[in-house]
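The lines below spell out each chain.
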Amino acid sequence: MLKTFKLGGIHPPENKFSAGQAIQIAELPKVVSIPVAQHIGTPSVPVVAKGDKVKVGQLIAKSGGFVSANIHSSVSGTVAKLDLVPDSLGYPKQAIIINVDGDEWLETIDRSDALVKECDLDGPSIVQKVNESGIVGMGGATFPTHVKLVPPKGMKAEYLLINGVECEPYLTSDHRLMLEKSDEILVGTCLLMKALNVDKAIIGIENNKPDAIRLMTEKASKYKGIQVVPLKVKYPQGGEKQLIKAATGREVPSGALPIAVGCVVSNVGSAFAVYEAIQKNKPLFERVVTITGKSVQNPANLKVRIGTPVSELITAVGGLPEDTGKVISGGPMMGKALANMEVPVTKGTSGILMIPAKEARRNEVQPCIRCSRCVSACPMGLEPYLLMTVAEKNLLERAESERIMDCIECGSCSYTCPASRPLLDYIRFGKSRVGALIRARKN
Amino acid sequence: MSNLITVSPSPHVHTDESVQKIMYRVVVAMIPALVWSVVVFGFDALRVTMIAIAASVGFEYLVQRYIMKVKPSVTDGSALITGMLLAFNVPANLPWWIIIIGAFVSIGIGKLSFGGLGTNIFNPALVGRVFLLISFPVQMTSYPAPAGSGVDAVTAPTPLGLLKEGLMNGQPISEIAGNLPAATDLLMGTTGGSLGEISALMLIIGGIYMLIRKVITWHTPVAVLGSMFVVAAIFWMIDPEAYIGPAYHLLTGGAMLGAIFMATDMVSSPMTGKGQLIYGVGIGAITMSIRLFGAYPEGISFAILIMNAFTPLINNAVKPKRFGGMK
Ligand code: SF4
Ligand code: SF4
């Protein structure tokens, strides 16, 4: 029996159209717009000004605090301006706009494809380098990686978990990376193990990627302490808590972080970025993005420079299909709908998904028939139908005691509800109100 | 172009399940039992069912449209199910006007007075049935004789009715047994009884279909039937002359209909598996108390209604297993 997490979970159609498409290099854009807040935490502080010449890999915005990340130029050219540009939801956010000119990289970056296995850096130096290179969680959460590598006082990591689950339908960028950069990911994993001072790493991969499981298992045997664990396909197995449960059987207590059970989770994309940062001296300024959809002509996995407008990637796969009703940054379960196609790719953009209009429309909301499907689907053991009701009635204390803050916003409840009730919309609203209540209580 | 694009929060995909699909699966699950009752009771069974369905759907439409002044939701299939279940719970020769009264009570009082689908506390069809049982005891308990039963009489008593009568007259089971239908007849359903309750086999087939199509889970039916079995077995072992065996209880008196189709009504039963087990055991225990010590020979309808009332309490007390333990 394959391992998986126990509570809840769903199995939406996988639709991984681009799984067979090798990673290709996207065309260089003419202009990039690089937001200074691409990660969770404090925004970065620009260190360039209008008119400055920059090279690929050059630092353009400095980490704004401990939970923050450096940002590097993804192109060479001239800084056109520092300005507010609309983000995915249309809110203006500060960004550095650079006119592209040629493709001149910093000389310090090793651009060869040769695999470099050896590394003399000690743990703290690796953490330092990861911090300098601006690496964040690339699965979509965008939590700065160096922060995870320094466990809070009194806590000790025991396992490093590498998330190769890619449980979101449609997305294939991690899958391709595992197939094409397996050794690099494994070296990156070793570096992370050294940084954390752990001797055990588990790479979790869902069983719908048998080729990746085979290759990674074969390669991993040559690295000490790394084990590949095939997992039964179930959403949201890529959620940190669900992955830890599936791979180690440990259950992160309510309200706690993975380190509470001795685990640190990182994504395969991040492990690859760590490899490039340490072994190739290359900061994080490009990533693999899946561009896909049911009506998309040529679904693809493209290596994209951060700051490239989404519209250019859409053009690269054959243009926006006629029937498109929604464009999503990320996967269909947790991604964000885009209000405009000029928003840039950021460190957390795992995919661009075009959904046909007939699927984009929401069904008419019907009364709850108390079928308890949402309860069975919830991976956190919550009662979404009840949370929606208490959130709607603004019963915040009740919402808190029903553990609304445990919700990981995976969307399994809304997906599964036959009455098409917008459960997660209300739960999110409730969470923000309860969150405010908890903060007010602390002060 | 960009104003043609929808922007809404995640998730962006949805299952193709719907309330209608679930409801129509319940309807499909009831068809074997309905077909069987037409075989046994003839065209009358179909007549009663059609009147009950038409009246239920009609009342739902009229009350929602003209009294509640909301958009009628008759297409969701739930009124259709209520109508069918009501028909299943009455004799196949019930006069048409009694059926219409039953449908009105089921839909008007049992369902819409609480606010409509999803808000009713009690199973609507059972509210209608119990109302009829109390208001029209004669018509509701004179069952037509099944076709081919070899009996010339127009009406036939139910197996549990026969049993109760015999026990009341002070006869031991061994003496009554000769008059009772055999277990195989009960399983197939060639005995007297309500329209849809007679064939345990057809009801079980429907139940298995609903299990496979994930309309219901095993918890409620197993808990109801299991607890009935245990209680009946205990008394039977104490005195087999005063109490009939457990299998007999499970095959008669609407036990299967109640356990598989009535108690499993989503709206009026608990949300968690554990809650459904408690609820089911409650139904089984109350049913057996009524059958063994009460005035009515059957009793599962009352038991379900009583446990329906406890459902909100059970939902409050029994929470699903939370991830990350209890705080
Ligand atoms: S979104 Fe929250 S409530 Fe809904 S299934 Fe996921 S964890 Fe449970
Ligand atoms: S899945 Fe929808 S209809 Fe079913 S209990 Fe949950 S909210 Fe109600």
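Above this text you will find the structure in question.
Figured I'd write up the structure that's included with this text.

## Overview of the overall build of chain A
The helix and strand tally for chain A stands at 14 helices and 17 strands. Its C-alpha radius of gyration of 21 Å places chain A within 12% of the 22 Å reference for a compact globule of 443 residues. C-alpha atoms of chain A, sized along the principal axes, occupy 65 × 50 × 50 Å. At a minimum sequence separation of 6, the contacts of chain A that also span at least 24 residues come to 74%. Accessible surface, chain A: about 17600 Å² in total, of which carbon and sulfur atoms supply 54%. Distance between charge centroids for chain A: 5 Å, based on 54 positive and 44 negative side chains.

## Things to note about the sheet that holds strand 15 (residues 324-329) of chain A
Residues and elements named next belong to chain A. Pairing is mixed in the open sheet, where six strands are placed in the order 1-14-13-17-15-16. Two strands close off the open sheet at either side, each with one partner strand: strand 1 (23-25) and strand 16 (336-337). The sheet strands contacting helix 3 (residues 173-180) are strand 1, strand 13 (286-293) and strand 14 (300-305), and the helix crosses strand 13 at an angle near 125°.

## Observations regarding the site of ligand 2
Surrounding ligand 2, one finds 13 residues, the nearest of these being A:Cys368, A:Cys371, A:Ser372, A:Cys374 and A:Cys417. The site occupied by ligand 2 is bordered by residues of chains A and B.

## Notes on empty space enclosed by the protein
Enumeration over the complete set of coordinates arrives at eight cavities of 30 Å³ or more. Taken as a whole, the largest cavity holds about 300 Å³ of empty space. Taken together, 22 residues make up the lining of the largest cavity; nearest its centre are B:Met23, B:Ile81, B:Leu85, B:Asp265 and B:Met266. Of all the elements in the fold, those that place two or more residues in the lining of the largest cavity are helix 1 (19-41), helix 3 (78-88), helix 5 (124-135) and helix 13 (255-262) of chain B. Here the lining of the largest cavity gets four residues from one element, more than from any other, and that element is helix 3 of chain B. Among the residues forming the lining of the largest cavity, the class breakdown is 15 nonpolar, five polar and two charged. A volume near 140 Å³ is recorded for the second largest cavity. A:Met138, A:Gly269, A:Phe272, A:Glu286 and A:Arg287 are the residues nearest the centre of the second largest cavity, which is lined by 15 residues in total. Elements supplying a minimum of two residues to the lining of the second largest cavity: helix 3, helix 7 (268-279) and strand 13 of chain A. At four residues, helix 7 of chain A tops the list of elements feeding residues into the lining of the second largest cavity. Tallied by class, the residues present in the lining of the second largest cavity amount to seven nonpolar, two polar and six charged.

## A few points about the site of ligand 1
Taken together, the neighbourhood of ligand 1 is formed by 13 residues, with A:Cys378, A:Cys407, A:Cys410, A:Gly411 and A:Cys413 sitting nearest. Elements represented by at least two residues in the shell around ligand 1 include exactly helix 13 (412-416) and helix 14 (423-442) of chain A.

## Focus on the environment of A:Phe429
Residues and elements named next belong to chain A. Within the secondary structure layout, phenylalanine 429 lies in helix 14. On the accessibility criterion, phenylalanine 429 (38% relative accessible area) is partly exposed. Between the alpha carbons of phenylalanine 429 and valine 75 there is a distance of 39 Å; along the sequence they are 354 residues apart.

## A look at the packing of helix 3 of chain A against helix 7 of chain A
Residues and elements named next belong to chain A. Close contact between helix 3 and helix 7 brings their axes to 9 Å; oriented N to C, the two are set at 45°. The orientation of helix 3 with respect to helix 7, classified from their angle, is oblique. Contacts between helix 3 and helix 7 pair Asp174, Leu177 and Met178 from the former with Val268, Gly269 and Phe272 from the latter. Taken together, the residues that form the contact of helix 3 with helix 7 break down as four nonpolar, one polar and one charged.

## Re the pairing of strand 8 (residues 92-100) of chain A
Residue and element names in this part refer to chain A. Pairing of strand 2 (residues 31-35) with strand 8, which is carried by five bridges, proceeds in the antiparallel orientation. Along strand 8, the bridge assignment pairs isoleucine 34 with isoleucine 96. One ladder, built from nine bridges, connects strand 7 (residues 77-86) with strand 8; its direction is antiparallel. Among the inter-strand pairings, valine 79 is bridged to a residue of strand 8, identified as isoleucine 98. Two successive antiparallel strands, strand 7 and strand 8, enclose a turn made up of five residues, where glycine 90 displays a positive phi of approximately 100°.

## Section: the pairing of strand 5 (residues 59-62) of chain A
Residues and elements named next belong to chain A. The sheet contact formed by strand 3 (residues 45-46) and strand 5 spans two bridges and is antiparallel. Each bridged residue has a counterpart across the sheet, and for proline 46 the counterpart in strand 5 is alanine 61. Relative to strand 6 (residues 71-72), strand 5 is paired through two bridges, and the arrangement is antiparallel. The residue of strand 6 that forms the bridge with alanine 61 is isoleucine 71.

## Looking at the interface of chain B and chain A
Of the residues lining the interface, 41 residues belong to chain B; the matching set on chain A comes to 61 residues. Between chain B and chain A the total buried area reaches about 4200 Å² when both faces are included, carbon and sulfur atoms providing 55% of it. Broken down residue by residue, the surface that chain B buries against chain A is led by B:His12, B:Met271 and B:Phe323, which jointly contribute 22%. At the junction of chain B with chain A, the criterion picks out six salt bridges. As a salt-bridge pair, B:Lys71 and A:Glu364 come within 3.4 Å of each other at their nearest N and O atoms. Secondary-structure elements contributing two or more residues to the side of chain B that touches chain A are helix 1 and helix 15 (300-317) of chain B. The element contributing the most residues to the side of chain B that touches chain A is helix 1 of chain B, with five residues. Tallied by class, the residues present in the side of chain B that touches chain A amount to 18 nonpolar, 14 polar and nine charged.

What counts, and where the lines are drawn
- Residues numbered from 1 in each chain as written.
- Chains lettered and ligands numbered in written order.
- Predicted model: local features only at pLDDT ≥ 70, side-chain atom pairs only at ≥ 80, totals over all residues.
- Heavy atoms only, no water.
- Helix = DSSP H or I, 4+ residues; strand = E, 2+ residues; numbered from the N terminus.
- Rg over C-alpha atoms; globule rule 2.2 N^0.38 Å.
- Contact = heavy atoms within 4.5 Å.
- Areas by Shrake-Rupley, 256 points an atom, 1.4 Å probe, with all protein chains shown as cover.
- Lys, Arg positive; Asp, Glu negative; His and termini not counted.
- Charge placed at Lys NZ, Arg CZ, Asp CG, Glu CD.
- Pairing = 2+ DSSP bridges.
- Axes fitted to C-alpha atoms, helices over the stretch in contact; angles between N-to-C directions.
- Near = heavy atom within 4 Å.
- 1 Å grid on protein atoms, 1.4 Å probe; cavity = no way out; pocket = protein on both sides within 12 Å on 5 of 7 lines; lining within 4 Å.
- Points joined across faces, edges and corners; volume = space filled by probe spheres on them.
- Nonpolar A, V, L, I, M, F, W, Y, C, P; charged D, E, K, R; others polar.
- Buried < 20%, exposed > 50% of the residue type's maximum accessible area, 1.4 Å probe, protein only.
- Parallel < 35°, antiparallel > 145°, perpendicular 65-115°, else oblique.
- Buried area = accessible area lost by both parts, 1.4 Å probe.
- Salt bridge = Lys/Arg side-chain N within 4 Å of Asp/Glu carboxyl O.

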